[in-house]
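# Remarks on the overall topology
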Amino acid sequence: MARFFLQVGENVLDLFSSIVGAMTFARREEPIEIRYLVDAAAYHDVLRIECSKCDHQVAWEPYPLWWWFECKGWDQRLTAVPKRLYCKKCWQLVFRKFRPRPPYPVRADPDPCHLPMPLEREWKRVMSRYRR
Ligand SMILES: [Zn+2]
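Residues numbered from 1 in each chain as written. Predicted model: local features only at pLDDT ≥ 70, side-chain atom pairs only at ≥ 80, totals over all residues.

## Looking at the environment of Asp 39
Going by this rule: A run of DSSP states H or I qualifies as a helix once it reaches four residues; a run of E qualifies as a strand once it reaches two. Both are numbered from the N-terminal end. We call two residues in contact if the C-beta atoms placed from their backbones are at most 7 Å apart.
By secondary structure assignment, the location of Asp 39 is in helix H2 (residues 37–42). C-alpha separation for the pair Asp 39 and Gln 76, spaced 37 residues apart in sequence, amounts to 9.8 Å. Beyond its immediate chain neighbours, meaning those up to four positions away, Asp 39 contacts Ile 32 and Ile 34.

## Regarding the sheet that holds strand E4 (residues 57–60)
Definition in use: Following DSSP output, two strands are said to pair if at least two bridges run between them. Angular values range over 0 to 180 degrees, each being the angle between N-to-C directions of two axes fitted as lines to C-alpha atoms, with helices fitted over their stretch in contact.
Read from one edge of the open sheet, three strands run E4-E3-E5, paired in antiparallel fashion. At either end of the open sheet lies a strand with only one pairing partner, and these are E4 and strand E5 (104–106). Shown here is a sheet whose adjacent strand axes are inclined to one another by a mean of 35°, direction ignored. Inspection of the sheet shows strand E3 (residues 46–50) paired to E5 by three bridges, in the antiparallel sense. Looking at the pairing, Leu 47 lines up with Pro 105 of E5.

## So, the nonpolar core
Counted only if it meets this: Definition of nonpolar core: a set of buried Ala, Val, Leu, Ile, Met, Phe, Trp, Tyr and Cys residues joined via C-beta atoms within 7 Å. Exposure classes come from backbone-placed C-beta atoms, where a residue is buried if 20 or more other C-beta atoms lie within 10 Å of its own, exposed if 12 or fewer do, and partly exposed in between.
One finds Leu 37, Trp 60 and Trp 66 to be the most contacted residues of the largest nonpolar core, which totals 19 residues. For this core, the secondary-structure elements that each account for two or more residues are H2, E3, E4 and helix H3 (62–72). Broken down by element, this core gets its largest block of residues, five residues, from H3. If near-sequence neighbours (up to four positions away) are discounted, Trp 60 is found in contact with Val 46, Leu 47, Ile 49, Leu 65, Pro 110, Asp 111 and Cys 113.

Dropping the structure here:
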């Protein structure tokens, strides 16, 4: 599939994959609302996380992010995720913690993530109980 990138400064906005992602959701037999990290993980949706202050953004696989929140016992609603994250780029520049916007699913290749992947047995346990 052809992909088009819009170069903005040093960031690459993967607009095309966002559009394809939205179209794919619309075509699913039952529209799936991705509200929790575990939803994104169950549907293998890469999550886009954007800083609310600067133009820094990442696309992370949902599994390590879900596992991190699971281990910490944090609220896993996507709307609650920003409370636990801050922009590394802003921190390095001005030593202030700016929160990202709530993550949303995209069709994109994931960026490297420093968080650990879930233990296989935990992943299987959660997915065996996962029903939507
Ligand atoms: Zn930032």
